[in-house]
Amino acid sequence: MIVLKFGGTSVASPGNIRKVVHIVKEKSKENKLIVVASAVGGITNLLIKAGELAQSGDEDYKSILQQIEQKHFTVVDELFSYEKQSDIKANLKQILNDLDDICNGIFLLGEIFPKTKDFLMSFGERLSAIIISEALNENNIATRLIDARDLIITDENFGNANVNFELTNKNVHHKLSTIKENIFVSGFIASSMSRKLTTLGRGGSDYTASILASAVNAEILEIWTDVDGVMTADPNIVSSAYPLEKLSYEEAMELSHFGAKVIYSPTINPVLRKGIPVLIKNTFNPEGKGTLICKEGSPNGKPVKGLSRINNIALLTLTGGGMVGVTGIASRLFSALSSAKVNVIFITQASSEHTITIGINTDELLLAREAISREFENEMALGKIKELEEESGLSIVALVGDNMKSSVGLSGKSFNALGKNGINVRAIAQGSTERNISIVISSKNVHKALNVLHEEFFLSDLKKMHIFNIGVGNVGKTLINQIRDQFEYLKEEYRLEIKIVALANSRQMLFMPEGIDLSNWENLLANHSEPMNRERFVEKIKSLNLRNSVFVDNTANEQVASLYSSVLDKSISVVASNKIAASSEYDNYLKLNYLAKKKNVKFLYETNVAAGLPVLKTIKDMVKSGDKIVRIQAVLSGSLNFIFNNFSKELPFSKVVRQAMTEGYTEPDPRIDLSGVDVARKILILAREAGFRLSMNEIHNNAFLPEELMKIEKVEDFLNELPNYDDYFEEMRIKAETKGKKLRYVAEFNNGKASVGLREASPENAYYRLDGKDNIVLIYSRRYEDLPLVVKGAGAGAEVTASGVFADIISIANQ
């Protein structure tokens, strides 16, 4: 014997019912079947609406009843021959007349009692049972319709009746054992000992099927729904969720309790007691494997099998010194809640006995508050127990898996992943079975939390990064192209999907949470964007609340740099090619780095000093390993090096400066490079990373640009005036060349002091032989006292700078 149950979506239309008939026909070739079905899709909601309208005295309930009739008659018209239609409609009409009488009674009384509501809710399954059983017989599948009220006996707890399994099992054996045909039983409904109609609560039709499977010792219970099985998470929230092939009964119960809608917790109990496997299948993909729920589950699977959640949670915390060492406090708390019919979903208690926190449905908050306040009225009046603390707008996210008990560090891994994404954990609970870790968080973070945890425990094929990039000049544009070109490679080889979801320049900003088309970003930014507003840009990042978000600054703008603290404070990592923040006031530099550590995110600015060269990482690693930096000597301006390597009598200084600008080697304002300010910022950052407290005003700048040039306000005016000084710069070049030397702009940090300036480099100097735009950094330390550690390579240009920013983004993805 096999028991098949079909959900509401499986029988929502004539076409779907034909699919059900086909499945039943195939199964009936080798097995005797019991078939259970829910109401036709959408009917239960219409019944609820009709009842509510009737109760409120609104005669529009009659139009709802007409919709219900019409929907069923339409199904009959499409499924059956004309000759059969009249008989089936007559049977349906008899039930629909009863429905009309019930609603009319509710309308006249202006009230709906629990017993009446159960009767009202039963009509969906009773109507679908007639249609589906007739459809099976019409297709030569011999089927007898049995009223579930004649089989399943319950108490009179209307709305969620408790089954009397002893009487139910006797009824099933007595009434079904002699039937030769397949059997169709209406789901969801039952009756009490006094023959009052009752319902089995949420997921009642599944429960009906499980009760019958247990009673007849079925080989298997198959639940047919509209998904391919029990998913690793809700696919409406986690797009990378996938069906699980196998679960243990306990895993399935944990997932179902925490909101996995494919199967409901009570469904498991009857089949668990008999060891009957449950197979979850998709009516619309019958060839799919589905999910098998059985005793052993998958012993060698991943530690975390799946994620689930319950929304609309409120936390209540009872606290006070008068609770410590006093027996019976917990018992009184739960007895008071039980008397008020408040269901406790979540419990946690500190070992100090000073607090007990419970989680309940927010709809029951008033009942719980009154019950607890009444129970502990005396203790609260005496100050032994404080006023009840309440917090709503919460959800519970649960990690479930049998193998969690043999895996170390899952809780820590969960909290770390959530913390890195700015998700605050309000409460936690873990049973001694270690099969479930329950985490209470703000409901606004559920979407992000489920995706973060799904990725963290390798339930997702891909880790997704969401990039918010300001600055689309040379570096920004090149970064966009690099991310576009590497997208498929990173996805295939490293299971990493980097999406740029926001772009901005000084005028416009564009947000596309699903990801910007990087082959068309310039058009989108120009024509489908909104005016740029820096504060709104940050607010938009916060409101989107996307997991693994990274703020990228590819500008040289001080106001953009001022946004970092508010971004970091929301647990969003920052990557900056803009060196203003890292070279700002020392207290601000410390604040940003401290904030990143506090929020468990990253503030990375490797490209601030030498484009893509790993200079800052090298110094940080040396300091972390216990080395002490004593001196740094460096040529840190690829742009200045390019200029001094290329200007000559034939190619004057002013033309080389313009060439350097065109090729992207200088800042948008080349005076930042030529004045030595850019180099001063770089040596400042190096000194700070080496552990020294240093400010810009402490760096001696031996400037080589004439003062009158520096006073020119506009960049273009400066460039137009520069050719008038070509002879001045040529004289400097010839003077060095005559001595067999080359001009180099050198930064030096030694004994806590820093300086930058133009020098004549001799052939024995390490920075004498620097080609093109190359940089060189010589690091002297206790371990590298005689021969310095040398980092050398291209230190300017959009390609290498963008690649350094890209590397910082990937390092965040890998953390």
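All of the points below concern the structure found in this document. Computed from a predicted model, the values in this text were never measured in an experiment.

## A short note on the sheet that holds strand 24 (residues 603-604)
Link 1 in the chain: The strand order across the open sheet formed by seven strands is 21-20-19-18-22-23-24, and the pairing between neighbours is mixed. Single-partner strands in this sheet number two, and they are strand 21 (530-531) and strand 24.
Link 2 in the chain: The pairing of strand 23 (residues 573-576) with strand 24 spans two bridges and is classified as parallel. Within strand 24, the residue paired with Val575 across the bridge is Leu604.
Link 3 in the chain: Here helix 31 (residues 798-813) sits on the sheet and contacts strand 18 (463-470), strand 19 (496-504), strand 22 (549-553), strand 23 and strand 24; the angle it forms with strand 18, its principal contact strand, is near 140°.

## Comments concerning the environment of Arg681
Link 1 in the chain: Structurally, the position occupied by Arg681 is in helix 27 (residues 677-689).
Link 2 in the chain: Taking the C-alpha atoms as reference points, Arg681 and Val609, 72 residues apart in sequence, are found 8.2 Å from one another.
Link 3 in the chain: With residues up to four places along the chain from it excluded, the contact list for Arg681 reads Lys579, Ile580, Ser583, Ile672 and Met696.

## Points about the packing of aromatic side chains
Link 1 in the chain: One pass over the full model with this rule turns up 21 aromatic pairs.
Link 2 in the chain: Seen from their ring centres, Phe537 and Phe551 are 6.2 Å apart, and the 75° between their planes marks the pair as edge-to-face. Taken together, the residues Phe537 in helix 18 (residues 534-544) and Phe551 in strand 22 connect sequence positions 14 residues apart.
Link 3 in the chain: Judged by relative accessible area, which is 0%, Phe537 ranks as buried.
Link 4 in the chain: Members of the aromatic cluster, connected to one another through ring pairs, are Phe644, Phe647, Phe653, Phe704, Tyr728, Phe729 and Tyr745.
Link 5 in the chain: The ring of Phe165 carries the charged tip of Arg273 above its face, separated from the ring centre by 4.6 Å.

## Some remarks on helix 11 (residues 329-339)
Link 1 in the chain: Turning to helix 11, its buried residues are Ile329, Leu333, Ala336 and Leu337. Each buried residue of helix 11 lies within a common arc of 95° when the element is viewed along its axis, so the set occupies one face. Turned more than 90 degrees off the buried face of helix 11, the exposed positions are Ser338 and Ser339.

## Regarding the pairing of strand 23
Side-chain positions along a regular strand alternate between the two faces of the sheet.
Link 1 in the chain: Of the two faces of strand 23, the one carrying Ser573 and Val575 and the one carrying Val574 and Ala576 are both buried.
Link 2 in the chain: In terms of strand pairing, strand 22 meets strand 23 through four bridges, oriented parallel. Considered in strand 23, the bridge of Phe551 is made with Val574.
Link 3 in the chain: After leaving strand 23, the chain enters helix 21 (residues 586-598) and then returns to the sheet as strand 24, a path that is right-handed.

## As for the pairing of strand 11 (residues 291-294)
Link 1 in the chain: Direction of pairing for strand 9 (residues 246-248) relative to strand 11: parallel, over a ladder of three bridges. Following the sheet pairing, Lys246 is matched in strand 11 by Leu292.
Link 2 in the chain: Taken together, the three bridges between strand 10 (residues 278-282) and strand 11 define a ladder with antiparallel strand orientation. Following the sheet pairing, Ile280 is matched in strand 11 by Thr291.

## A few points about the packing of helix 7 (residues 165-176) against helix 8 (residues 204-215)
When two helices pack together, their arrangement is given by the angle between the helix axes and the distance between those axes.
Link 1 in the chain: Their axes nearest at 9 Å, the elements helix 7 and helix 8 cross at an angle of 70°. Classified by the angle their axes make, helix 7 and helix 8 are roughly perpendicular. Residue-level inspection shows Phe165, Thr168, Asn169, Val172 and His173 of helix 7 in contact with helix 8, the latter providing Tyr207, Ile211, Leu212 and Ala215.
Link 2 in the chain: In terms of residue class, the contact of helix 7 with helix 8 is built from six nonpolar, three polar and no charged.

## Re the nonpolar core
Link 1 in the chain: Counting 87 residues, the largest nonpolar core has Phe537, Phe551, Phe653, Ile683 and Phe704 as its most contacted members.
Link 2 in the chain: Every residue in contact with Phe537, bar those within four places of it in the chain, is listed here: Phe468, Asn469, Ile470, Ala502, Leu503, Ala504, Met509, Phe511, Met532 and Phe551.
Link 3 in the chain: If you look at the next biggest cluster of nonpolar residues, it comprises 51 residues, including Ile2, Ile17, Val24 and Ala39.

Reading guide: rules and limits
Residues numbered from 1 in each chain as written. Predicted model: local features only at pLDDT ≥ 70, side-chain atom pairs only at ≥ 80, totals over all residues. Heavy atoms only, no water. Pairing = 2+ DSSP bridges. Helix = DSSP H or I, 4+ residues; strand = E, 2+ residues; numbered from the N terminus. Contact = heavy atoms within 4.5 Å. Axes fitted to C-alpha atoms, helices over the stretch in contact; angles between N-to-C directions. Phe/Tyr/Trp six-rings, centres within 6.5 Å; stacked < 30°, edge-to-face > 60°. Buried < 20%, exposed > 50% of the residue type's maximum accessible area, 1.4 Å probe, protein only. Lys NZ or Arg CZ within 6 Å of the ring centre and 35° of its normal. Arc of directions from axis to C-beta. Right-handed = clockwise from strand over helix to strand, strands pointing away. Parallel < 35°, antiparallel > 145°, perpendicular 65-115°, else oblique. Nonpolar A, V, L, I, M, F, W, Y, C, P; charged D, E, K, R; others polar. Core = buried A, V, L, I, M, F, W, Y, C linked by side-chain atoms within 4.5 Å.

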